[in-house]
Amino acid sequence: PRTIGNYWPYATTLYDYIRRAMPFTAPGSLSSDQTYAVVAFLLNREGLVPAGAVIDAKSLPAVRMPARSHFVNDDRRGSLGGKTVR
C-alpha cells in the first residue's frame, strides 16, 4: 500500500519533504518545530512512533522506516563537474 512507511526509506526524507513543500499555500513557511510536529503526527498515525514521542533532530534519524530494506542503494560511480561521485 502507498503509505508514508512504504514511500520513504528514511524518516529524515519525510522531514525534508514536509519542510520544503508544506503548507500547500505557502511552501517552506513551517518552522523546524512545526515540521517536527507534523512528522511526529504522521509517524504516529502509521504506528511507527508512540503517541507523545519527542521527534527532533536527534531522534528522527533513529526512526526505522518499514520498507527501508526494499530500496536499492545507488552505488554507481560517475562524474559530476569533474568531481568523482561515490
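Since this is a predicted model, take the numbers as computed values, not measurements.

Colleague: I'd like to hear about the packing of aromatic side chains, residue by residue, with values.
Modeller: Taken as a whole and judged by the stated rule, the model has three aromatic pairs. Between Y7 and W8, the ring centres sit 4.8 Å apart and the planes meet at 80°, which makes this aromatic pair edge-to-face. Residue W8 is classed as buried on the basis of its relative accessible area of 15%. Every member of this aromatic cluster is reached through a ring pair, and the members are Y7, W8 and Y17.

Colleague: How would you sum up unusual backbone geometry? Please name residues and give values.
Modeller: That bond from M22 to P23 is cis: its omega, -15°, falls within 30 degrees of zero. Here P23 shows up in the loop between α2 (11–21) and α3 (32–45).

Colleague: Would you mind going over the pattern of salt bridges in detail, with residue names and values included?
Modeller: One pass over the structure, following the stated rule, counts one salt bridge. Across the salt bridge formed by R20 and D16, the nearest N and O atoms sit 2.9 Å from each other. One end of the pair, R20, and the other, D16, are both in helix α2, four residues apart, so they sit about a helical turn from each other. Judged by its relative accessible area of 35%, D16 falls in the partly exposed class.

Colleague: Go over α2, please, and point to the residues and values.
Modeller: All buried positions along α2 are accounted for by A11, L14, Y15 and I18. All buried residues of α2 lie within an arc of 100° about the axis, which places them on one face of the element. The elements touched by buried residues of α2 are α1 (4–7) and α3.

Colleague: Which residues make up the environment of Y17, and what values go with them?
Modeller: Secondary-structure assignment places Y17 in helix α2. On the accessibility criterion, Y17 (42% relative accessible area) is partly exposed. It is 9.5 Å that separates the C-alpha atoms of Y17 and G28, two residues lying eleven residues apart in sequence.

Cut-off values and rules
Residues numbered from 1 in each chain as written. Predicted model: local features only at pLDDT ≥ 70, side-chain atom pairs only at ≥ 80, totals over all residues. Heavy atoms only, no water. Phe/Tyr/Trp six-rings, centres within 6.5 Å; stacked < 30°, edge-to-face > 60°. Buried < 20%, exposed > 50% of the residue type's maximum accessible area, 1.4 Å probe, protein only. Helix = DSSP H or I, 4+ residues; strand = E, 2+ residues; numbered from the N terminus. Salt bridge = Lys/Arg side-chain N within 4 Å of Asp/Glu carboxyl O. Arc of directions from axis to C-beta. Contact = heavy atoms within 4.5 Å.

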